[in-house]
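Below, each chain spelled out in residue letters.
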Amino acid sequence: MSADNLVLVAAGGTGGHLFPAQALSHALIARGAQVRLATDERALKYGGDFPAEEIHEIASATPTSAGAVAKARAALVLFKGVVEAYGLLGKIKPRVVVTFGGYPTVPPALAASLRKIPLILHEQNAVMGRANRFLAERAQTIACGFPTLEGLPEALRGRVVQVGNPVRPQVLEAAALPYPDFADGKLRLLVTGGSQGARIMSDVAPAAIGLLRPDQRARLVVTQQARSEDLARVEEAYRRLNVAFEAAPFFPDLPMRMAQAHLVLARSGASTVSELAVIGRPSILVPFPHALDADQAANAAHLAQTGAAEVIRQTGFTPEWLSQRLAQALADPKDLTRRAQAAKSAGIPNAAERLADLALKTAGL
């Protein structure tokens, strides 16, 4: 590969955008490409972990805030970001720009379009996000994580290529672990609410376990992500119920904990759903009900179609409902094993390599 082999990756400052961008960057670097990241200030805390020669902070804002003044202010910040990105691209001259959604990707994507640099959009969710919808007409290719992609104009369907959602190396390591057996009679339950946590999990999971019989509770081993403000009451609830547990606001080794679980209770963000499939674990999914585009419900539906996941609306996610499902899982571990196999069949573990192939081909490298 020649020295003229720079790929600019752009991603919003949340784990859902940064994790697949990180996975792509690993794949590109393994093939000899140079990688730089364009993002906003939120992502700078990930800088030590992100595989890039340099991280460029570009001004950005979300123009969906209420009020004309807030919208005008956001538009000015985005315009500033486009000017910054245009100058950056003129200086570093990437062969291709690959974006992963979120409004921080708008300035570098627009700058790429203005400079006639090939642009690839990656959409992690089963419903296209607003930033990607805004940019779609300017992209040469729209790479998607799921077999279907809602919210895209019909005229652009020909640009869509399914590559899957790139997953981090830690996820691939976890995927190598077999589904745990039930030799000790225990059921290992992982409860997670996504990168920001979810209060509903702290409200419902301990209460549901409290409705089980004492002999059923004795067979549970719970690992729960609980927000800092919910942690004390979750810990107290499990101690009172005499349930084996570990709780924390954040688990840096979450993929490995997912692999060690018999059943996962979670939200259905794109990264979570894709990691469940690649690792191959059965799940109960509670889509975030206030998502602007109902993307979590669409993500969950794809995994539910395989039989690997059961999806429940938050309005129906009660302690009574969950207690019944946990009792069923304790009574029928063979069903969980079958669902684990179904999840694995839906995974795309080489998504990062597939997207790297597409990026390098688009770049002419």
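These notes cover the structure that comes with them. (Residues numbered from 1 in each chain as written. Predicted model: local features only at pLDDT ≥ 70, side-chain atom pairs only at ≥ 80, totals over all residues. Heavy atoms only, no water.)

Moving on, we get to the overall build of the chain. Tallying secondary structure elements over the chain gives 14 helices and 13 strands in all. Here the chain holds 365 residues, and 55% of them are scored as buried. If you take every contact in the chain between residues at least 6 apart in sequence, the share linking residues at least 24 apart comes to 65%. With the model as given, the accessible surface of the chain reaches about 15,600 Å², and the carbon-plus-sulfur share is 54%. Side chains of the chain carry 39 positive and 32 negative charges; the gap between the two charge centres is 3 Å. (Helix = DSSP H or I, 4+ residues; strand = E, 2+ residues; numbered from the N terminus. Buried < 20%, exposed > 50% of the residue type's maximum accessible area, 1.4 Å probe, protein only. Contact = heavy atoms within 4.5 Å. Areas by Shrake-Rupley, 256 points an atom, 1.4 Å probe, with all protein chains shown as cover. Lys, Arg positive; Asp, Glu negative; His and termini not counted. Charge placed at Lys NZ, Arg CZ, Asp CG, Glu CD.)

Let's shift gears to the packing of aromatic side chains. Scanning the model with the defined rule gives three aromatic pairs in all. When the centroid spacing of 5.5 Å and the interplanar angle of 35° are considered together, the rings of tyrosine 238 and phenylalanine 245 count as tilted. Overall, the relative accessible area of 0% leaves tyrosine 238 in the buried class. For the cation-ring pair, arginine 168 lies above phenylalanine 19, with the distance from its terminal atom to the ring centre recorded as 3.8 Å. (Phe/Tyr/Trp six-rings, centres within 6.5 Å; stacked < 30°, edge-to-face > 60°. Lys NZ or Arg CZ within 6 Å of the ring centre and 35° of its normal.)

Within the fold, histidine 122 resides in strand E5 (residues 119-123). On the accessibility criterion, histidine 122 (0% relative accessible area) is buried. Considering only alpha carbons, one finds histidine 122 and alanine 11, 111 residues apart in sequence, at a separation of 9.8 Å. Leave out the neighbours within four places in its chain, and histidine 122 touches Thr99, Phe100, Gly101, Asn132, Ala143, Cys144, Gly145, Val163, Gly164, Asn165, Pro166 and Leu355.

The side-chain alternation of strand E6 (residues 141-144) yields two buried faces, one formed by Thr141 and Ala143 and the other by Ile142 and Cys144. Pairing of E5 with E6 involves four bridges; the strand directions are parallel. Bridge pairing in E6 places isoleucine 120 opposite threonine 141. Handedness of the β-α-β unit built from E5, helix H4 (residues 130-135) and E6 comes out right-handed. Both E6 and strand E7 (residues 160-162) contribute to a ladder of three bridges, which runs parallel. Residue pairing in the sheet places isoleucine 142 in a bridge with valine 160 of E7. (Pairing = 2+ DSSP bridges. Right-handed = clockwise from strand over helix to strand, strands pointing away.)

The next point concerns the packing of helix H1 (residues 15-30) against helix H14 (residues 351-363). Running from N to C, H1 and H14 cross one another at 65°; their axes reach a closest spacing of 9 Å. You can see that H1 and H14 cross each other, and the crossing is right-handed. Together, Ala23, Leu24, Ala27 and Leu28 of H1 and Ala352, Glu353, Leu355, Ala356, Ala359 and Leu360 of H14 make up the contact between the two elements. Counted by class, the contact of H1 with H14 contains nine nonpolar, no polar and one charged residues. (Axes fitted to C-alpha atoms, helices over the stretch in contact; angles between N-to-C directions. Left-handed = near helix turned anticlockwise from the far one by under 90°. Nonpolar A, V, L, I, M, F, W, Y, C, P; charged D, E, K, R; others polar.)

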